[in-house]
Amino acid sequence: MKKKIFFILIALITVLAACSNSEADTKEEEDLPELSVLEVDFDVPEHVEVGETIDLTAHVSFEGEPVEDAHEVLFEVWTQGNSDDSVELEGVHQENGTYTASFTFEEEAVYEMYAHTTAKEQHVMPLETVIAGDAEPSEEDAHDEMDHEHHEHDEDEHGEHHEHDNDENE
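Just so we're clear, the structure is a prediction, and the values are computed from it rather than from any experiment. As a convention, each chain's residues are numbered from 1 in the sequence order in which they are written. Whole-chain, interface and lining totals are the exception, using all residues; otherwise, since this is a predicted model, local features are given only for residues with pLDDT of at least 70 and side-chain atom pairs are given and counted only at 80 or more. Side-chain numbers here rest on the full set of heavy atoms in the structure, without hydrogens or water.

Peer 1: Before we go on, may I ask you to explain the overall build of the protein in this structure?
Peer 2: Only DSSP runs of H or I covering at least 4 residues are called helices, and only runs of E covering at least 2 are called strands; the numbering of each starts at the N terminus. Tallying secondary structure elements over the protein gives one helix and 11 strands in all. Ordering the α and β elements of the protein from the N terminus gives α-β-β-β-β-β-β-β-β-β-β-β. Burial classes follow relative accessibility: with a 1.4 Å probe on protein chains only, a residue under 20% of its type's maximum area counts as buried, one over 50% as exposed, and anything between as partly exposed. Here the protein holds 170 residues, and the buried ones make up 32% of them. Nonlocal contacts in the protein, meaning residues at least 24 apart in sequence, comprise 64% of its contacts between residues at least 6 apart. Total accessible area on the protein is roughly 11,900 Å²; 47% of this is exposed by carbon and sulfur atoms. We call two residues in contact when some of their heavy atoms are within 4.5 Å. Method for areas: the Shrake-Rupley scheme with a 1.4 Å probe, in which residue coverage is limited to the protein chains shown.

Structure below.
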């Protein structure tokens, strides 16, 4: 009989301890300050004409205020299924936290692009898709943001140095 009471007492203490820890955890979570997040509104049209040049536009804000001094806004563009063959364009600050770069959609294809943005000690990279002409998106080749491996684009697999000529895309 004493063993039963002992085990019941241990179980009761365990349950009470778990309940009090849960309440403490909830109170600690309520006391934590809300973290501010860098926000990037990547503004591009869904469709463009082949040969059309547009401004890729990123509106950068932090705590509701425009970011005028982003460390980097880099637009990375590639045709769907060819992320290893991307072009990088440096965003130029305009005003009110707006950064742009011009890009020409030279072929009928589905283009995917990131707006790599670094500011306020944070890095975000929203993904957008633009369809040039009558191209059809392929679910099989659709870029999965979670599977993206970021590559340095200055060297190929053989270590040869290649520079991207951004003039081709203007």
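Peer 1: Could you clarify how one ought to interpret the environment of Val-44 in this entry?
Peer 2: Mapped onto the elements, Val-44 comes out in the loop between strand S1 (38–43) and strand S2 (47–48). It is 8.3 Å that separates the C-alpha atoms of Val-44 and Ile-54, two residues lying 10 residues apart in sequence. When near neighbours in sequence (up to four residues on either side) are disregarded, Val-44 contacts Leu-56, Met-113, Glu-128 and Val-130.

Peer 1: Please clarify how a negative patch on the surface should be interpreted in this entry.
Peer 2: The grouping of Glu-49, Glu-52, Glu-108, Asp-134 and Glu-136 at the surface amounts to a negative patch. Mapped onto the secondary structure, Glu-49 falls in the loop between S2 and strand S3 (53–62). The class for Glu-49 is exposed, based on a relative accessible area of 56%. Patches draw on residues past 30% relative accessible area with no salt bridge. Two like charges within 9 Å are joined, as are two nonpolar side chains (Val, Leu, Ile, Met, Phe, Trp, Tyr) within 5 Å. Should a side-chain nitrogen of Lys or Arg be within 4 Å of a carboxyl oxygen of Asp or Glu, the pair is scored as a salt bridge. We score Asp and Glu as negative and Lys and Arg as positive, and we do not count His or the chain ends. Taken as the charge centre is NZ of Lys, CZ of Arg, CG of Asp or CD of Glu, depending on the residue.

Peer 1: It is not clear to me how the nonpolar core should be interpreted in this structure. Could you clarify?
Peer 2: Where a protein is soluble and globular, its nonpolar side chains tend to be buried together. The definition of a nonpolar core used throughout is a set of buried Ala, Val, Leu, Ile, Met, Phe, Trp, Tyr and Cys residues joined through side-chain atoms within 4.5 Å. Among the nonpolar cores identified, the biggest contains 28 residues, and Leu-56, Val-60, Val-67, Phe-75, Phe-105, Tyr-111 and Met-113 are the most heavily contacted of them. Going through the elements one at a time, S1, S3, strand S5 (72–79), strand S6 (87–90), strand S8 (98–104), strand S9 (110–119) and strand S11 (127–132) are the ones with two or more residues in this core. It is S3 that provides the largest number of residues to this core, a total of five residues. Setting aside anything within four residues of it in sequence, one finds Phe-105 in contact with Val-48, Glu-49, Val-50, Gly-51, Glu-52, Ile-54, Tyr-111, Met-113, Val-130 and Ala-132.

Peer 1: In this structure, what is going on with unusual backbone geometry? I would like to understand it.
Peer 2: Unlike most non-glycine residues, Asn-96 shows phi in positive territory, near 50°. Tracing the backbone shows Asn-96 in the loop between strand S7 (92–93) and S8. The phi dihedral of Glu-121 is positive, around 60°, even though this residue is not glycine. Following the sequence through the fold, Glu-121 ends up in the loop between S9 and strand S10 (122–124). For Glu-121, a relative accessible area of 85% gives the class exposed.

Peer 1: Just checking my understanding: could you explain the packing of aromatic side chains for this structure?
Peer 2: The description of an aromatic ring pair uses the distance of the two centres, along with the angle that the planes make with each other. For Phe, Tyr and Trp, where Trp contributes only its six-membered ring, two rings pair if their centres lie within 6.5 Å, and the inter-plane angle classes them as stacked under 30 degrees, edge-to-face over 60, or tilted in between. Within this structure, the stated rule accounts for five aromatic pairs. Note on Trp-78 and Tyr-114: the rings are 5.6 Å apart at their centroids and 45° apart in plane angle, and the pair reads as tilted. Residue Trp-78 is located in strand S5, and its partner Tyr-114 is located in strand S9; the two are separated by 36 residues in the primary sequence. Just as Trp-78 is buried, Tyr-114 falls in that class too. An aromatic cluster of at least three residues, connected via ring pairs, comprises Phe-103, Phe-105 and Tyr-111.

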